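What the coordinates show
As a plain string of letters, each chain reads:
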Amino acid sequence: MTVRVRIAPSPTGNLHVGTARAALFNWLYARANGGVFIVRSDDTDQERSTAEYEEGILESLRWLGLDWDEGVSVGGPHGSYRQSDRYERYREVARQLIESGAAYYDQRPADELEALRQQAQKEGKHPGHYIRRPDQEFDSGVIRLSIPQDAPIVFDDMIRGSVSFEPRDVDDFVILRTDGIPTYHLASTVDDVDYGITHVARGEDLLPSTPKHILITRGMGAGEPVYAHLPLLFGTDGKKLSKRDDATSLTDFRDAGYLPDAVFNYLCLLGWSIDGETTIFSRDEAVAAFDLADVSKNPATFDPEKLEWMNGEYIRAMDPARFIELVVPFVEDAVGRELDGAELSRFEEISHLVQERTKLLPEAGEQVTFLFTEIDEYDQKSWDKVMTKDGVADVLAAASQRLGTLETWTAEAIEESLRALLAEMEIGVGKGLQPMRVAVTGSSVSPPLFESMAVLGQEKTIARLDTARSLLTG
RNA sequence: GGUCCCGUCGUCCAGAGGCCUAGGACGCCGGCCUUUCAAGCCGGAAACGCCGGUUCGAAUCCGGUCGGGACUGCCA
């Protein structure tokens, strides 16, 4: 039997990391087993679903590198991958469930049901005890599933093992609303049956809903898929990762300068590991080793610091040309304009030094703005720490003078000449170079100085040394 | 309140009765390297929630307890 899995995001927002991780695990399982990965749009919440979000989610999936199987997803074997296009099908199933006695119309008003719920809670019982089929027969209203009370609902979860629910703890839930729109439970389950989904891997938050889905599946006369309930993701504060947190959608990560490979790798590690020793691995390696049964049961806390570290690892390992390609937009963003050809090649000269120092793409831009814009403001802390010491003006003056005589303007030549100068002046290298760094780059933190000067150019380097010196001497 | 799930370093993961004086990674601390910052290298602190039981032997199995979480909608 071919493995067929799916991810069914609701287009009510951007792709959330929790959903992305669920998508990732489904994708891995499909690819690991030569199966099919389907993307479906669970847009039965008509109030909040939009086409823009739907496209955005697909884009994020592509960005992460999770390719889905088009022919069966979009306009697949049973029509559309979009639930809102399949309402007739869900109504048809609801009707069939009524005919077979598995479901019934319920006309009771909302306030009456609410009263039942409160009574149940007061008595410490599940609402299922009360929200049961009324004796009367109706032919309109919501449609509820009638929960068979004869046996517990048991299933074997790939991650959690055997899970069991007593039928009296499951209430007669709504499958079709008054307006004829199916609820999530119905639509999702019918789709899983119609699409021949073999494995349902989803968040653990849906574990309590699983008996409902099993009952619908049985009511349709179909066999149940294998369930695998993934551990939930929590934020750094130990609470469920919410959309209120800063970066929880994939687009946020992309915009912040994260690499899809790093995000992919990191997400894999949230609830799974390749062998307990290896931290950095490729998609192919993950696919080769992945099994849903190996996924951890524990909820995982999303750790932005580790992701950031990992992003740095991927940036450093990247092909230099690729790094330049990716980072130039961020450089231009930091500089505030596009770079011309000459500037571009100057950046390329120094980019390998920037690459080592970058964890997030935008940081690369910040590191090199001094090359392309004049320094109109020195970093205050750097200035206070470095420039207010005795003898700084003399060092700057001497450096300016000495560099002015240099005939070969290369990092090596600059280094040689400056080292010699400082030796003559009997000033330590560290102490002597820092003022020059601040003068030339505007900060005490920068890419390596000699290379920076080399790329900046002789004229500008000397001018900046002079400017800083004159600020000191008044 | 009820139902269900979960419980190894601060965090993620390894561990499927003896290989565990519990391993790897991030972070943290210290050192080396060094023109700053990174990177790199070396070293360190840091965990089996608790109580019983099974067993020659338990992080691993069982029970209880405590703690955390999810669900409890005509939201998904």
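These figures come from a predicted structure and were not determined experimentally.

Definitions and cut-offs
- Residues numbered from 1 in each chain as written.
- Chains lettered and ligands numbered in written order.
- Predicted model: local features only at pLDDT ≥ 70, side-chain atom pairs only at ≥ 80, totals over all residues.
- Heavy atoms only, no water.
- Helix = DSSP H or I, 4+ residues; strand = E, 2+ residues; numbered from the N terminus.
- Rg over C-alpha atoms; globule rule 2.2 N^0.38 Å.
- Buried < 20%, exposed > 50% of the residue type's maximum accessible area, 1.4 Å probe, protein only.
- Contact = heavy atoms within 4.5 Å.
- Areas by Shrake-Rupley, 256 points an atom, 1.4 Å probe, with all protein chains shown as cover.
- Lys, Arg positive; Asp, Glu negative; His and termini not counted.
- Charge placed at Lys NZ, Arg CZ, Asp CG, Glu CD.
- Phe/Tyr/Trp six-rings, centres within 6.5 Å; stacked < 30°, edge-to-face > 60°.
- Near = heavy atom within 4 Å.
- Polar contact = N/O pair within 3.5 Å; in protein donor to acceptor, adjacent residues only side chain to side chain.
- Nonpolar A, V, L, I, M, F, W, Y, C, P; charged D, E, K, R; others polar.
- Patch = residues over 30% accessible without salt bridge, like charges linked within 9 Å, V, L, I, M, F, W, Y side chains within 5 Å.
- Salt bridge = Lys/Arg side-chain N within 4 Å of Asp/Glu carboxyl O.
- pLDDT = per-residue confidence, 0-100.
- Expected span 1.5 Å × (residues − 1).

As a further point, take the overall build of chain A. Summing up its helical and strand segments, chain A has 20 helices and eleven strands in all. At 31 Å, chain A has a C-alpha radius of gyration far larger than the 23 Å of a compact globule built from 474 residues. With respect to the principal axes defined by its C-alpha atoms, chain A has extents near 100 × 45 × 40 Å. Looking at chain A residue by residue over its 474 residues, the buried ones come to 51%. A sequence separation of at least 24 residues applies to 77% of the contacts in chain A between residues at least 6 apart. Roughly 22100 Å² of accessible area belongs to chain A as shown, and the carbon and sulfur atoms make up 47% of that amount. Averaging the positions of the 49 positive and the 81 negative side-chain charges in chain A gives two centres separated by 5 Å.

A few words now on the packing of aromatic side chains. Under the defined criterion, the tally for this structure stands at eleven aromatic pairs. Ring geometry for Phe-25 and Phe-290: centres 5.4 Å apart, planes at 45 degrees, overall tilted. Here Phe-25 is found in helix H1 (residues 17-32), whereas its partner Phe-290 is found in the loop between helix H10 (283-289) and strand S11 (300-301), with 265 residues between them in sequence. A relative accessible area of 0% means that Phe-25 is categorised as buried. Here Phe-290 falls in the buried class, since its relative accessible area comes to 5%. Their ring planes at 90 degrees and their centres at 5.8 Å tell us that Trp-27 and Phe-264 sit as a pair that is edge-to-face. Here Trp-27, found in helix H1, pairs with Phe-264, found in helix H9 (residues 260-269); they are 237 residues apart in sequence, far enough to count as distant. This pair shows no difference in class: Trp-27 is buried, exactly as Phe-264 is.

Attention now goes to the protein's contact with RNA strand B. Among the 66 residues in the neighbourhood of RNA strand B, the closest are listed as Arg-117, Arg-177, Thr-178, Ser-273 and Arg-437. For RNA strand B, the fraction of protein-proximal atoms (within 4 Å) that sit in sugar or phosphate groups is 73%. Within the side chain of Arg-48, one N or O atom sits 3.5 Å away from a sugar or linking oxygen of RNA strand B. In the model, a base oxygen of RNA strand B is placed 3.2 Å from a nitrogen or oxygen of the Pro-448 main chain. If you list the elements that add at least two residues to the surface near RNA strand B, you get helix H5 (110-122), strand S4 (142-145), strand S6 (161-165), helix H6 (184-194), S11, helix H11 (304-317), helix H18 (429-441) and helix H19 (449-456). Across the surface near RNA strand B, the residue classes break down as 24 nonpolar, 19 polar and 23 charged.

In this section: a negative patch on the surface. There is a patch of like negative charges on the surface, built from Asp-376, Glu-377, Asp-379 and Asp-384. With respect to the secondary-structure elements, Asp-376 resides in the loop between helix H14 (361-372) and helix H15 (380-387).

Detailed reading of predicted coordinates is not advised where the pLDDT is low. For chain A, the average pLDDT comes to 91, and 96% of its residues sit at 70 or higher. Under a pLDDT of 50 for its full length, residues 74-79 has, in the predicted model, nine contacts with residues more than four places off or in other chains.

Between the first and last C-alpha of helix H2 (residues 51-64) there are 20 Å, a value that for 14 residues agrees with the 20 Å anticipated at 1.5 Å per step. Of all the positions in H2, only Glu-54, Gly-56, Ile-57, Leu-58, Ser-60, Leu-61, Trp-63 and Leu-64 are classed as buried. The inward-facing, buried residues of H2 abut H1, strand S2 (36-39), helix H8 (250-255), H9 and H10. Gly-65 occupies a position one or two residues after H2 and carries a positive phi of about 90 degrees.

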